[in-house]
Amino acid sequence: MKKIITYGTFDLFHKGHYNILKRAKEYGDYLIVGVTGENYDIGRGKLSVHDTLATRIENVKNTGLVDEIIVEEYLGQKIGDIIKYDIDAFVIGDDWVGKFDHLSRYCNMVYLERTKGISSTQLREETFENYDIGIITDEIDDNELVKEAKLVNGFQVKNVFSDDKKILDAFQERYNVENEFENLNEMIEQSDIVYIHCAIEKRFNYIRKVLNAGKHVIYDSPATFKSNELEELINLAKEKNVILMENIKMVHIYVFNQLLWMTQGGLIGDILSFNCSISKDDENRSNLFYDLSALTLLPMLKIMGQDYENADFKVTKEGDEIEFASMNFVYPNGRAVINVGNVVRVDNQLEIIGTKGTIRMRGNWWRSKNFSLHKPGEVDAELYNTNFEGNGFKYLIKAMSTMLKNNRIESMGVFEDESIKIVEILEKVKNTQN
Ligand code: C2G
């Protein structure tokens, strides 16, 4: 019996998929199909897959051509499958020509002609809603949004506004954004989602304006220094039934959710200490103190909770700008220490000590791909990791895409009370004297 194997995502199952399965089956007697698992696709940067794994499997099964279906879960699995299932030939479309030649040591490698004029990408573009993103910016850097948004099905940055014409022109040229606007209202009108990427002092008014126009918002955090203003924005978003999304990407990154699961689920015991430091990773940007602080306060609130008994801040200021701050929070059973260097540089790291283990993230932990878990009495640390390129913005957009699909406006990444608490703390830090 000649055994054949082929793989694919088979999203929005179409004629091209049917054809390749049919020809693969004709090539032998027994056909095994590996359907890509969701994490595997996310890991290889395919964020736009629409159908669930169960639906994709069902569609492959319904062709009646397939003898066995397996799930492809990780890079490098194919070799193990060929050996395990005693495969004679590996069949795949010729869009992959040359890419799998190394498999010919294990079985016959067959590339079949792809069906012309149809693809999942094209179907997704035709079938699903498109969201045009506009950016309000006061700097030439886009925080990688333009590139990252493209990776999520249906999303693209189309519009840009800046009240500084020089920045507007430079931004438009640098990122090749379709439309630049000198009139803010027009830009908002043309956009479905607006990303607010400017100095904190201006954020509140911009956000309010966009929400009032009934458009979804992504904003650099914190939105304001006043918790009553943030509450006003949250209520306005609800009234207008639109999403108000805080740009803290960490909560949408896989490895961070593993860390939360471990700490919140008691897997490292009771948490005794939360220690974290951060400095800006981009020398050219100034006055990032509050943005950096928001990034550190969120994991603290998620892991240690909001019921600290006492908070104490030490700040070093130059004029109005905070150069360095150390924030200490005393909890009933533990302590959190957060060091933020704005001008002063500190080593980026995060350490959480529990009664049953310590978790460490080194380097730029807020966009980290890994952490280590050190258990008492064990020499080797356990490593948890997941790979991705970029700064993680695509995962935030993907989360937004899911919310839009489910008609849900409240984010489960950063909860409302967490956002408010962050602003309350920052307001106090801002008013702390040297
Ligand atoms: N295909 C085709 N004609 C099309 C579209 C797709 O012949 N018009 C084939 C592809 O060449 C592939 C299979 O259908 O052999 C599944 O395609 P996708 O769902 O796009 O999966 P892909 O991302 O190519 O997965 O491990 C995953 C595999 O390496 C390939």
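Our structure is the block above this text.
Residues numbered from 1 in each chain as written. Predicted model: local features only at pLDDT ≥ 70, side-chain atom pairs only at ≥ 80, totals over all residues. Heavy atoms only, no water.

Concerning the overall build of the protein
- The secondary structure content of the protein amounts to 14 helices and 19 strands.
- Judged by the C-alpha coordinates and their principal axes, the protein covers about 80 × 60 × 35 Å.
- Within the protein, buried positions represent 53% of all 434 residues.
- Expressed as a percentage of contacts within the protein between residues at least 6 apart in sequence, the contacts between residues at least 24 apart total 66%.
- As displayed, the protein offers around 20500 Å² of accessible surface, 45% of which is attributable to carbon and sulfur atoms.
- Distance between charge centroids for the protein: 3 Å, based on 52 positive and 69 negative side chains. (Helix = DSSP H or I, 4+ residues; strand = E, 2+ residues; numbered from the N terminus. Buried < 20%, exposed > 50% of the residue type's maximum accessible area, 1.4 Å probe, protein only. Contact = heavy atoms within 4.5 Å. Areas by Shrake-Rupley, 256 points an atom, 1.4 Å probe, with all protein chains shown as cover. Lys, Arg positive; Asp, Glu negative; His and termini not counted. Charge placed at Lys NZ, Arg CZ, Asp CG, Glu CD.)

Notes on the sheet that holds strand β12 (residues 271-279)
- With mixed pairing, eight strands are arranged side by side in an open sheet as β13-β14-β15-β12-β16-β17-β18-β19. Only two strands of the sheet have a single partner each, and these edge strands are β13 (310-318) and β19 (382-385). Adjacent strand axes in the sheet meet at a mean angle of 10 degrees, parallel and antiparallel pairs treated alike.
- Sheet strands in contact with helix α11 (residues 254-264) are β12, β16 (349-354), β17 (357-362), β18 (370-374) and β19, and its direction is about 25 degrees off that of β18. (Pairing = 2+ DSSP bridges. Axes fitted to C-alpha atoms, helices over the stretch in contact; angles between N-to-C directions.)

Here we look at the pairing of strand β2 (residues 30-36)
- Here β2 lies mainly inside the structure; seven of its seven residues are buried.
- Side-chain alternation along β2 places Tyr 30, Ile 32, Gly 34 and Thr 36 on one buried face and Leu 31, Val 33 and Val 35 on a second face that is also buried.
- Looking at chain direction, strand β1 (residues 3-8) and β2 are connected through six bridges and run parallel. The residue bridging Gly 8 from the neighbouring strand is Val 35, located in β2.
- Between the parallel elements β1 and β2, the chain passes through helix α1 (residues 15-26) in a crossover that is right-handed.
- In terms of strand pairing, β2 meets strand β3 (residues 68-72) through five bridges, oriented parallel. Bridge assignment links Gly 34 to a residue of β3, and that residue is Ile 70. (Right-handed = clockwise from strand over helix to strand, strands pointing away.)

Overview of the site of the ligand
- Around the ligand, the structure places 21 residues, and the nearest of them are Lys 46, Glu 72, Asp 95, Trp 96 and Ile 118.
- In this structure, an oxygen atom belonging to the ligand sits 3.1 Å away from a main-chain N or O atom of Thr 9.
- A distance of 2.4 Å separates an oxygen atom of the ligand from a polar atom in the side chain of Glu 72.
- Elements with a minimum of two residues in the shell around the ligand: β1, α1 and β4 (89-93).
- Along the lines of polarity and charge, the residues of the shell around the ligand split into seven nonpolar, eight polar and six charged. (Near = heavy atom within 4 Å. Polar contact = N/O pair within 3.5 Å; in protein donor to acceptor, adjacent residues only side chain to side chain. Nonpolar A, V, L, I, M, F, W, Y, C, P; charged D, E, K, R; others polar.)

Things to note about the sheet that holds β4
- Strand order across the open sheet formed by five strands is β3-β2-β1-β4-β5, with parallel pairing between neighbours. The open sheet terminates on both sides in strands that have one partner only, identified here as β3 and β5 (108-112). In this sheet, neighbouring strand axes are inclined to one another by 25 degrees on average, regardless of whether the strands run parallel or antiparallel.
- Each of β1, β2, β4 and β5 is contacted by α1, which is oriented at about 145 degrees to β2, the strand it contacts most.

Points about the pattern of salt bridges
- Under the counting rule described, the total for this entry stands at 22 salt bridges.
- Between Lys 165 and Glu 182 there is a salt bridge whose closest N-O contact spans 3.6 Å. Here the residue Lys 165 occupies a position in helix α7 (residues 165-175), and Glu 182 occupies one in the loop between β8 (179-181) and α8 (184-190), the gap between them amounting to 17 residues.
- On the basis of relative accessible area, Lys 165 is assigned to the partly exposed category, the value being 38%.
- A relative accessible area of 58% places Glu 182 in the exposed class.
- The partner of Lys 302 in a salt bridge is Glu 418, and the shortest N-O contact between them spans 2.9 Å. With Lys 302 in helix α12 (residues 289-304) and Glu 418 in helix α14 (residues 416-430), this pair connects stretches of sequence that are 116 residues apart. In this structure, Lys 302 and Glu 418 share a single accessibility class: buried.
- Each of Lys 165, Asp 169, Glu 180 and Glu 182 takes part in one network of salt bridges that share partners. (Salt bridge = Lys/Arg side-chain N within 4 Å of Asp/Glu carboxyl O.)

Notes on the pairing of strand β14 (residues 321-331)
- Burial of β14 is extensive: eight of the eleven residues sit out of reach of the surface.
- Hairpin connection of β13 to β14: two residues between the antiparallel strands, including Gly 319 at a positive phi of 65 degrees.
- Pairing of β14 with strand β15 (residues 334-341) involves eight bridges; the strand directions are antiparallel. Across the sheet, residue Phe 324 finds its bridge partner in β15, namely Gly 341.
- Counting the residues in the hairpin turn of β14 and β15 gives two residues.

Some points on helix α13 (residues 393-405)
- In this model, α13 (13 residues) spans 18 Å end to end at C-alpha, consistent with the 18 Å of a helix rising 1.5 Å per residue.
- Of all 13 residues in α13, ten are buried; the element is thus mostly enclosed.
- All of the buried residues along α13 are Phe 393, Lys 394, Tyr 395, Leu 396, Ile 397, Ala 399, Met 400, Ser 401, Met 403 and Leu 404.
- Following α13 by one or two positions, Asn 407 has its phi on the positive side, about 55 degrees. (Expected span 1.5 Å × (residues − 1).)

So, the packing of aromatic side chains
- Across all of its chains, the model carries 16 aromatic pairs by this definition.
- Relative to Phe 155, the ring of Tyr 131 has its centre 5.1 Å away and its plane inclined at 20 degrees; by these criteria the two rings are stacked. Taken as a pair, Tyr 131 in strand β6 (residues 131-137) and Phe 155 in strand β7 (residues 155-161) lie far apart in primary sequence, 24 residues in all. With respect to burial, Tyr 131 and Phe 155 carry one shared label: buried.
- Summarising the aromatic geometry, the rings of Phe 225 and Tyr 290 are spaced 4.5 Å apart at their centres and angled 75 degrees between planes, so their arrangement reads as edge-to-face. (Phe/Tyr/Trp six-rings, centres within 6.5 Å; stacked < 30°, edge-to-face > 60°.)

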